[in-house]
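# Per-entry structural report
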Amino acid sequence: MPRHAARRVLLAAVQLALLAVLIFLLTELLPGDAAAARANEQMGLEEVADLRERLGLDRPPVERFADWAGGLASGDLGVSLVGGTPVREIVTGSLAATALLAAVTAVLLVPLAMLLGLTMGLRAGGRLDRAITAVTLALNAIPDFVLAMALVAVFSLRLGWLPSTWLGADGADLLHRPALLVLPVAVLLARTVCTLSRQIRAGTIAALESEYVAQARRLGVPRTRLVLRHVLPNAAVPGVQELARTGDRLLGGVLIVEAVFAIPGTATALIEAVQGRDVPTVQALTLLLAAVALAFNVAADLVSQRLAPRSEVLR
């Protein structure tokens, strides 16, 4: 296990380094730059060229990449080309809302998916299984943006039960107004719970049909112990692996949720940085999202091996 963990962490570090190179190359392909974005009608070509020189945008790409990579190695993310603010402050300032959304979603996602998946798997083919399957398939077919707008229309505009936006809210407000989280978290949970629960359902059915469960039944193992000790750990393996892919999809869902509900999070900061051609901020935020996705996959790999060490997925 320690050797496998070290190998996976090393591989993730190499992947992250390659992603850093790719992110830099892609930001180089963005049309225009921060100087062009900040230019106005009164500025002449010479003034724009001077601004580009002051921002360091006239230097060769190789030199700029070397400075950026060196800064990453030392923990320096650079300075925003738009406001002159350290990129580290922009990243940490935008992380609070995104981290809160992710934490609440994760806390609710796993138990809900496990409960639904086990319920469907233990009653496979029954009425309850068919009903939950129909609902999950329907929810999974609705795009996040459409679901968010529908929830806002019903619960905010028509019924007036829940707030439709985070405008004017801060961290202190969230402690006293948890209703702000309800609709965004519901949107993030809808499709992810559906996908994850179906994977756990499939794992539960496969575990129930296995030889070791049949042997445990012949030995008279109580049903509760059979499910918790023998079915659940093996049913969770495909769910854990799907959770890594779900984490990747959640990053895209956060983009939509933050846009719809005006949440000042990482995705919102990234969109603003792209619009302003604030390359250091775009690079830092994109690399952060890539690191989170890699961490999800590494964690899922290690947990899967812990639950089922002989899993062929981890050959």
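Residues numbered from 1 in each chain as written. Predicted model: local features only at pLDDT ≥ 70, side-chain atom pairs only at ≥ 80, totals over all residues. Heavy atoms only, no water.

Right, let's get into the overall build of the protein. What the protein contains, in helices and strands, is 13 helices and 0 strands. When the helices and strands of the protein are listed from N to C terminus, the series reads α-α-α-α-α-α-α-α-α-α-α-α-α. Counting only carbon and sulfur atoms, one obtains 65% of the accessible surface of the protein, whose full area is about 17,400 Å². (Helix = DSSP H or I, 4+ residues; strand = E, 2+ residues; numbered from the N terminus. Areas by Shrake-Rupley, 256 points an atom, 1.4 Å probe, with all protein chains shown as cover.)

This part takes up helix α4 (residues 61-74). Between its first and last C-alpha atoms α4 spans 20 Å; for 14 residues at 1.5 Å apiece the expected length is 20 Å, and the two agree. R64, W68 and G71 are the residues of α4 that are buried. Across the axial projection of α4, the buried residues extend over an arc of 60°, all falling on one side. Exposed residues pointing more than 90 degrees away from the buried face of α4 are listed as V62, A73 and S74. The first or second residue beyond α4 is G75, which carries a positive phi of 85°. (Expected span 1.5 Å × (residues − 1). Buried < 20%, exposed > 50% of the residue type's maximum accessible area, 1.4 Å probe, protein only. Arc of directions from axis to C-beta.)

A few words on the nonpolar core. Counting residues in hydrophobic clusters, the biggest one holds 28 residues, and the most contacted among them are L101, W166, V257, F261 and I263. Counting only elements with at least two residues in this core, the list comes to α5 (87-122), α7 (144-158), α9 (179-208) and α11 (223-260). Among the elements that line this core, the one with the most residues is α9, at 11 residues. With 8 residues, the next largest nonpolar core counts V87, A269, L270 and L285 among its residues. (Core = buried A, V, L, I, M, F, W, Y, C linked by side-chain atoms within 4.5 Å.)

Per-residue confidence for the protein gives a mean pLDDT of 76; residues scoring 70 or more make up 77%. The least confident element of the protein is helix α8 (residues 171-176), whose mean pLDDT is 56; the most confident is α7, at 86. Here residues 310-315 is modelled with pLDDT under 50, and outside its nearest four sequence neighbours on either side it reaches 6 contacts, counting other chains as well. (pLDDT = per-residue confidence, 0-100. Contact = heavy atoms within 4.5 Å.)

Within the secondary structure, L22 sits in helix α1 (residues 2-28). In sequence terms L22 and L287 are 265 residues apart; their C-alpha atoms lie 9.9 Å from each other.

Within helix α12 (residues 266-275), burial applies to T266, A267, A269, L270 and A273. The buried residues of α12 occupy one face: seen down the axis, they fall within an arc of 160°. Across from the buried face of α12, at angles greater than 90 degrees, the exposed residues are E272 and Q275. Downstream of α12 by one or two residues, R277 has phi in the positive range, about 55°.

Our focus in this paragraph is the side chain of T266. Along the chain, the position of T266 falls in helix α12. By relative accessible area, which is 2% here, T266 ends up buried. If sequence neighbours within four positions are ignored, T266 has contacts with S94, L95, T98, E258, L285 and L289.

Let's shift gears to the side chain of T105. Its location among the elements puts T105 in helix α5. Classification of T105 by relative accessible area gives buried; the value is 2%. Once residues within four sequence positions are removed from consideration, T105 is found in contact with V185, L188, L189 and L250.

Positionally, W166 belongs in the loop between α7 and α8. Along the sequence, W166 and I263 sit 97 residues apart, while their C-alpha atoms lie 5.5 Å from each other.

Across all of its chains, the model carries 1 salt bridge by this definition. R201 is the partner of D129 in a salt bridge, and the nearest nitrogen-oxygen pair spans 2.9 Å. Of this pair, D129 sits in helix α6 (residues 127-140) while R201 is found in helix α9, placing the two residues 72 residues apart along the sequence. Each member of the pair D129 and R201 is classed as buried. (Salt bridge = Lys/Arg side-chain N within 4 Å of Asp/Glu carboxyl O.)

One pass over the full model with this rule turns up 4 aromatic pairs. Where F24 meets F65, the ring centres are 5.1 Å apart and the plane angle is 65°; that geometry is what we call edge-to-face. On the criterion of sequence distance, the pair formed by F24 in helix α1 and F65 in helix α4 is long-range, its members being 41 residues apart. What makes F24 buried here is its relative accessible area of 5%. (Phe/Tyr/Trp six-rings, centres within 6.5 Å; stacked < 30°, edge-to-face > 60°.)

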